[in-house]
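One-letter residues, chain by chain:
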Amino acid sequence: MGRKALRALVVSGALVAGVGLVGVSAASAMPVDPGYSSGGSGGGGASYPADRSVFKSATVDGLRVRTGPGTGRAILGLVYEGQPVQVITSAYDDTGQVWDEVMLQTASAGGLPAGYVGWVTEEYLY
């Protein structure tokens, strides 16, 4: 069983068992889309807290920063290869794709200021 599948199974089991996920309360202080609901567009996703000390960088130019996890969410701006971000939390969309809520560590050439919070697909972060 792959790592992502195992992670999804553990999260799903915790949700079914009624075990709450901790560590996401600090994210509520960040500016987010008022229409955001954990789980992506159409529901069905699960979120899980990330290690807040995790810093990653974009692996591509023009990585879309969105209002929530999923390609159905509005695009806020772009980040470019090598731009550092801090991972706040992660969530699965309806297709099982992992999305990271990130805070930009530097201003983006794509029009977003340092400290901005949005969602990017984890596939293009390292």
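Calculation criteria
- Residues numbered from 1 in each chain as written.
- Predicted model: local features only at pLDDT ≥ 70, side-chain atom pairs only at ≥ 80, totals over all residues.
- Heavy atoms only, no water.
- Helix = DSSP H or I, 4+ residues; strand = E, 2+ residues; numbered from the N terminus.
- Contact = heavy atoms within 4.5 Å.
- Areas by Shrake-Rupley, 256 points an atom, 1.4 Å probe, with all protein chains shown as cover.
- Core = buried A, V, L, I, M, F, W, Y, C linked by side-chain atoms within 4.5 Å.
- Buried < 20%, exposed > 50% of the residue type's maximum accessible area, 1.4 Å probe, protein only.
- Pairing = 2+ DSSP bridges.
- pLDDT = per-residue confidence, 0-100.

**Notes on the overall build of the protein**
- Regarding its fold elements, the protein presents one helix and seven strands.
- When contacts within the protein are restricted to residue pairs at least 6 apart in sequence, those whose partners lie at least 24 apart make up 59%.
- About 6500 Å² of surface is accessible on the protein, with carbon and sulfur atoms providing 59% of the total.

**Here's the deal with the nonpolar core**
- Counting residues in hydrophobic clusters, the biggest one holds eleven residues: Ala58, Leu63, Val65, Val79, Val85, Val87, Val102, Leu104, Leu112, Val120 and Leu125.
- Of all the secondary-structure elements, those providing two or more residues to this core are β3 (63-66), β5 (84-92) and β6 (98-104).
- Excluding residues within four positions of it along the chain, leucine 63 makes contact with Ala58, Gly77, Leu78, Val79, Val120, Thr121, Tyr124 and Leu125.

**Let's talk about the pairing of strand β7 (residues 117-121)**
- Across the five residues that make up β7, a large majority, five, are buried.
- In β7, alternate side chains face the same way, and those of Val117, Trp119 and Thr121 on one face and Gly118 and Val120 on the other are all buried.
- Sheet topology places β6 next to β7; five bridges connect them, and they run antiparallel. Within β7, the residue paired with aspartate 100 across the bridge is valine 120.

**With respect to the side chain of serine 108**
- Along the chain, serine 108 turns up in the loop between β6 and β7.
- Discounting residues that sit within four places of it in the chain, serine 108 has contacts with Leu78, Val79, Tyr80 and Gln83.

**Structural notes on the confidence of the model for the protein**
- Per-residue pLDDT for the protein averages 74, and the proportion of residues at 70 or more is 59%.
- Of all secondary-structure elements in the protein, the lowest mean pLDDT belongs to helix α1 (residues 3-17), at 43, while β3 reaches the highest, 98.
- pLDDT under 50 marks residues 3-44. Its contacts with residues more than four places away, or in other chains, come to 62 contacts.

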